[in-house]
Amino acid sequence: MKRLLLISFIIFASCKPKEVETTVASTVDKTYQISHAKGFTIEKLINGITRITVSSPWPESEKKYTYALVLKDKLNELSLNKSDYDAVIGVPVEHVVVTSTTHVPALEALGVLEKLVGFPGTTYVSSIEARKRIDSNLIAELGSNEAINTELTLSLNPDLVVGFGVNSQNKIYETLIQSNISVVYNGDWTEETPLGKSEWIKFFAPFFGKEKQADSIFSAIEASYTDSKQLALKGETKPTVLSGALYKDIWYLPGGNSWATQFITDANADYIWKDTKETGSLSLSIESVLEKGKDADIWISPSQFTAYDELAKSSPHYTQFSAYKNRKIHTYALTAGATGGLLYYELAPNRPDMVLKDLIHIFHPDLLPDHSPYFFKPLN
């Protein structure tokens, strides 16, 4: 009986190290500071793995995606349960495909643009450096996000594809994954604050070993944004602001809890629909917009219109607004890349401080008299 107990004890004891090893392997050694973004976390585990968790790949997602980043020379040494992760990626990444123009400025800021080998819809890319690489056939055209050319993508043999989705149903990404291509979701577009979107540069950094650079870049953007926000409070007036334009008889404009509205609030202006609850767009009739916004002091973001005569030809309703009559309309549609892509859609989420300075210059011109607008310019 004693011998049986001893054998049982030995067997039990011999199993313990494996349990301890599993616990140690998943122990967090360091959590990277994410101050504004809500959609992802980065943790360094004690065994050297960098664990990235994306909790908001799209609005109201019920699934979190977890990725393990492992140094390439350690991939065969570490024993990790791959079923615990949605992807295991060897780093640093040498060849990457991204799928949103908002991803391009992050790569450029981190100094790794040369690692970008493919993009769906290169016409929409406005970055000067990226366009040079596209024109030199160093960045392949992969079709469109809805129909990425999977054969061409596979031929590029990327270490990583950074995708985005509106839900979990994406057959193209599934095909890539089945072909042993690592796919990760980027949810920068789901963030509801300007600095939250910008902080996703930290998401890209660990794939290239650029964590310190990302921290430094974002800290500078955060400081610039915060200083500009404080400056805006010195404005002696608080102009009322209208936004958006008609599309097929529906006027689309930012909801009260949206990213765009936060810019207006931080620039110390009074957005007429600030009290609405939506985080995305509002869909209103022209009658309701005229009722509330007819006398607004300033009108920004009139869709993709670039001139007053374009507005008048499109709809005579536009000419009834005071901002139209007083020539107080400002648009981001005049800042385009060489092939027509609007730089606002590409760079603004990454550089909210530049957007805020533009708006302060518009709403409180005496505070930034020498500022040269980058995104928002007066309508022609």
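Residues numbered from 1 in each chain as written. Predicted model: local features only at pLDDT ≥ 70, side-chain atom pairs only at ≥ 80, totals over all residues. Heavy atoms only, no water.

We now examine the packing of helix H8 (residues 211-232) against helix H9 (residues 259-266). Interhelical geometry of H8 versus H9 gives an angle of 55° and a closest axis separation of 9 Å. Taken together, H8 and H9 sit at an angle that is classed as oblique. Counting all contacts with H8, which are made through Tyr-225, Lys-229 and Ala-232, the residues of H9 involved are Gln-262, Phe-263 and Asp-266. A breakdown of the residues in the contact of H8 with H9 according to their chemical character gives 3 nonpolar, 1 polar and 2 charged. (Axes fitted to C-alpha atoms, helices over the stretch in contact; angles between N-to-C directions. Helix = DSSP H or I, 4+ residues; strand = E, 2+ residues; numbered from the N terminus. Parallel < 35°, antiparallel > 145°, perpendicular 65-115°, else oblique. Contact = heavy atoms within 4.5 Å. Nonpolar A, V, L, I, M, F, W, Y, C, P; charged D, E, K, R; others polar.)

Its place among the elements puts Val-88 in strand S5 (residues 87-91). In this structure, the C-alpha to C-alpha distance between Val-88 and Val-70, residues 18 residues apart in sequence, is 7.3 Å.

What the second largest pocket holds in volume is close to 430 Å³. If you go around the second largest pocket, you meet 18 residues; those closest to its centre are Ala-87, Val-88, Ile-89, Asn-180 and Ser-182. For the lining of the second largest pocket, the leading source of residues is S5, giving 4 residues. Residues that form the lining of the second largest pocket fall into these classes: 11 nonpolar, 3 polar and 4 charged. (1 Å grid on protein atoms, 1.4 Å probe; cavity = no way out; pocket = protein on both sides within 12 Å on 5 of 7 lines; lining within 4 Å. Points joined across faces, edges and corners; volume = space filled by probe spheres on them.)

We now examine H8. The end-to-end C-alpha distance of H8, which contains 22 residues, comes to 32 Å, matching closely the 32 Å that a straight helix rising 1.5 Å per residue would cover. When H8 is considered as a whole, its buried residues turn out to be Glu-211, Ala-214, Phe-218, Ile-221, Ser-224, Tyr-225, Ser-228 and Ala-232. Seen along its axis, H8 keeps its buried residues to an arc of 160°; they face one direction. Every exposed residue of H8 that faces more than 90 degrees away from the buried side is listed here: Lys-212 and Asp-227. Where H8 is buried, its residues touch helix H6 (194-198), helix H7 (201-208), H9 and helix H14 (352-363). (Expected span 1.5 Å × (residues − 1). Buried < 20%, exposed > 50% of the residue type's maximum accessible area, 1.4 Å probe, protein only. Arc of directions from axis to C-beta.)

For a regular strand, the rule is simple: side chains alternate between the two faces of the sheet. Across 2 bridges, strand S13 (residues 240-243) lies against strand S16 (residues 270-271) in parallel orientation. Bridging from a neighbouring strand, Val-241 pairs with Tyr-271 of S16. Sheet analysis places S13 next to strand S18 (residues 298-300), joined by 3 bridges and oriented parallel. Paired with Ser-243 across the bridge in S18 is Ile-300. (Pairing = 2+ DSSP bridges.)

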